[in-house]
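# Examination of the molecular architecture
Spelled out, the chains give:
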Protein chains: 2
Amino acid sequence: MTQAGCELCEQEGGIPVFRNDALRVIRAQDTDHPAFYRVIWNAHVAEWTGLPPPDRSASMQAVAKVETVLRQALQPTKVNLASLGNVVPHLHWHVIARFDWDARWPAPVWAPKNKEVADATSRLPMPLAELDQRVAQVLST
Amino acid sequence: MTQAGCELCEQEGGIPVFRNDALRVIRAQDTDHPAFYRVIWNAHVAEWTGLPPPDRSASMQAVAKVETVLRQALQPTKVNLASLGNVVPHLHWHVIARFDWDARWPAPVWAPKNKEVADATSRLPMPLAELDQRVAQVLST
């Protein structure tokens, strides 16, 4: 179930954090929003309801685990969740820790930047490598 | 479980389409993106994982039903799902039918408009009142 020319069928899609048979978690490399993960369904499907209900649940359980780690580790102002896929119609859930100091707060990350924040990664309470490990660990359980 | 000053504790949040004890579905009045619904949890909770797992599932089952109706009734180019809540931190899921002719396609609805589309509602294959009825009917089952 891969589609020729689909970026998420052919590439990992970011820094690999976790993978099982059904899905993977990657970290996006977004300097403005450094604690930005994606839960990507491995098989090619465009819409979330294109999955049978048990797989919908499995994808959301992974989203919940990533969100839970972000909340516990970073105490963000808010977590943003989204499945858009207009440009890459291969199911992926964005899971993004948002902070009131970040470059687009309170707008969504897809809105224009409203300020410059040069050191977003260093403002997080832990290094990204450690955060990745915590995400991987919780996904493995 | 209401919070003083919270817009979604104090107001319906849009055109009422469906309500049960746990959640409601409203239609947002967005002339650029007319097939735009929100699944709003009735009790005040900021994050999706702030709900116990059965309630997370219940909220997603409602999201799935709305998405399914939009796909069947409108055959949109893509459905966009999102739980952001940066401005109104009361759990609500956006469920939005997107079309390649719409004013922000392929960008998210929160990005700047890239063209003017004067008659978005009339381009839908059915009147919004009928779409609302279908959403309400499926949510009631």
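Here the structure is a predicted model, which means the values were calculated and not measured.

Attention now moves to the packing of aromatic side chains. To describe a pair of aromatic rings, you give the distance between the ring centres and the angle between the ring planes. The full count for this structure, using the stated rule, is six aromatic pairs over all chains. Measuring from centroid to centroid gives 4.8 Å for A:F99 and A:W101, while their planes differ by 10°, and the two rings are stacked. Through a chain of ring-to-ring contacts, the aromatic side chains of A:W48, A:W93, B:W48 and B:W93 assemble into a single cluster.

Next up on the list: the nonpolar core. Ranked by internal contacts, the top residues of the largest apolar core, which has 78 residues, are A:L74, A:W93, A:L131, B:L74, B:W93 and B:L131. Discounting chain neighbours no more than four positions away, the residues touching B:L74 are B:A35, B:V69, B:A97, B:F99, B:L124, B:P125, B:M126 and B:L131. Listed in part, the six residues of the second largest apolar core include B:L8, B:I26, B:I40 and B:V88.

Looking now at empty space enclosed by the protein. Residue and element names in this part refer to chain B. Tallied over the full model, the rule gives one cavity of 30 Å³ or more. The space that makes up the largest cavity amounts to roughly 30 Å³. In terms of lining, the largest cavity is formed by D32, H33, P34, A35, A97, F99, W101 and D102. Classifying every residue of the lining of the largest cavity by side-chain character gives five nonpolar, one polar and two charged.

Before going further, it helps to examine the relation of the copies chain B and chain A. Superposing chain B onto chain A takes a rotation of 180° plus a shift of 0.0 Å along the axis, which leaves an RMSD of 0.0 Å. Seen this way, the second copy is the image of the first under a two-fold rotation axis. Looking at the rotation axis and the C-alpha trace of chain B, the residue lying nearest is B:A82, at 2.0 Å. A shared interface surface links the copies, since 100% of the contact residues of chain B are contact residues in chain A too.

Turning next to the pattern of salt bridges. When the charged atoms of two side chains lie near each other, side chains of opposite charge can form a pair. All names here are of chain A. If you walk through the whole model with that rule in mind, you get 18 salt bridges over all chains. A salt bridge links R19 to E12; the nearest nitrogen and oxygen atoms lie 3.0 Å apart. Judged by its relative accessible area of 25%, E12 is partly exposed. As a salt-bridge pair, R98 and D102 come within 2.8 Å of each other at their nearest N and O atoms. In terms of burial, R98 and D102 fall into one category: buried.

Attention now moves to the sheet that holds strand 4 (residues 78-83) of chain B. Strand order in this open sheet of ten strands is 1(A)-2(A)-3(A)-5(A)-4(A)-4(B)-5(B)-3(B)-2(B)-1(B), and the pairing throughout is antiparallel. Looking at which strands have only one partner, the edges of the open sheet turn out to be strand 1 (15-19) of chain A together with strand 1 (15-19) of chain B. Neighbour-to-neighbour, the strand axes of this sheet turn through a mean angle of 20°, independent of strand direction. Pairing geometry for strand 4 (residues 78-83) of chain A and strand 4 of chain B, over three bridges, is antiparallel. Residue pairing for strand 4 of chain B: A:A82 is matched across the bridge by B:A82. Sheet strands touched by helix 2 (residues 53-74) of chain A: strand 2 (23-27), strand 3 (36-41), strand 4 and strand 5 (92-98) of chain A together with strand 5 (92-98) of chain B. Its angle to strand 5 of chain A, the strand with the most contacts, is close to 15°. Those strands touched by helix 4 (residues 128-139) of chain A are strand 1, strand 2 and strand 3 of chain A, and its axis lies near 20° from that of strand 1 of chain A.

Looking now at the interface of chain B and chain A. Contacts between the two partners involve 32 residues from chain B and, on the opposite side, 33 residues from chain A. Interface area for chain B against chain A, summed over the two sides, is near 2700 Å², with a carbon-plus-sulfur share of 57%. When the buried area of chain B at its contact with chain A is split by residue, B:E47, B:K78 and B:N86 rank highest and sum to 25% of it. Between chain B and chain A we count two salt bridges in total.

Calculation notes
- Residues numbered from 1 in each chain as written.
- Chains lettered and ligands numbered in written order.
- Predicted model: local features only at pLDDT ≥ 70, side-chain atom pairs only at ≥ 80, totals over all residues.
- Heavy atoms only, no water.
- Phe/Tyr/Trp six-rings, centres within 6.5 Å; stacked < 30°, edge-to-face > 60°.
- Core = buried A, V, L, I, M, F, W, Y, C linked by side-chain atoms within 4.5 Å.
- Buried < 20%, exposed > 50% of the residue type's maximum accessible area, 1.4 Å probe, protein only.
- Contact = heavy atoms within 4.5 Å.
- 1 Å grid on protein atoms, 1.4 Å probe; cavity = no way out; pocket = protein on both sides within 12 Å on 5 of 7 lines; lining within 4 Å.
- Points joined across faces, edges and corners; volume = space filled by probe spheres on them.
- Nonpolar A, V, L, I, M, F, W, Y, C, P; charged D, E, K, R; others polar.
- Least-squares fit on C-alpha atoms with pLDDT ≥ 70 in both.
- Salt bridge = Lys/Arg side-chain N within 4 Å of Asp/Glu carboxyl O.
- Pairing = 2+ DSSP bridges.
- Helix = DSSP H or I, 4+ residues; strand = E, 2+ residues; numbered from the N terminus.
- Axes fitted to C-alpha atoms, helices over the stretch in contact; angles between N-to-C directions.
- Buried area = accessible area lost by both parts, 1.4 Å probe.

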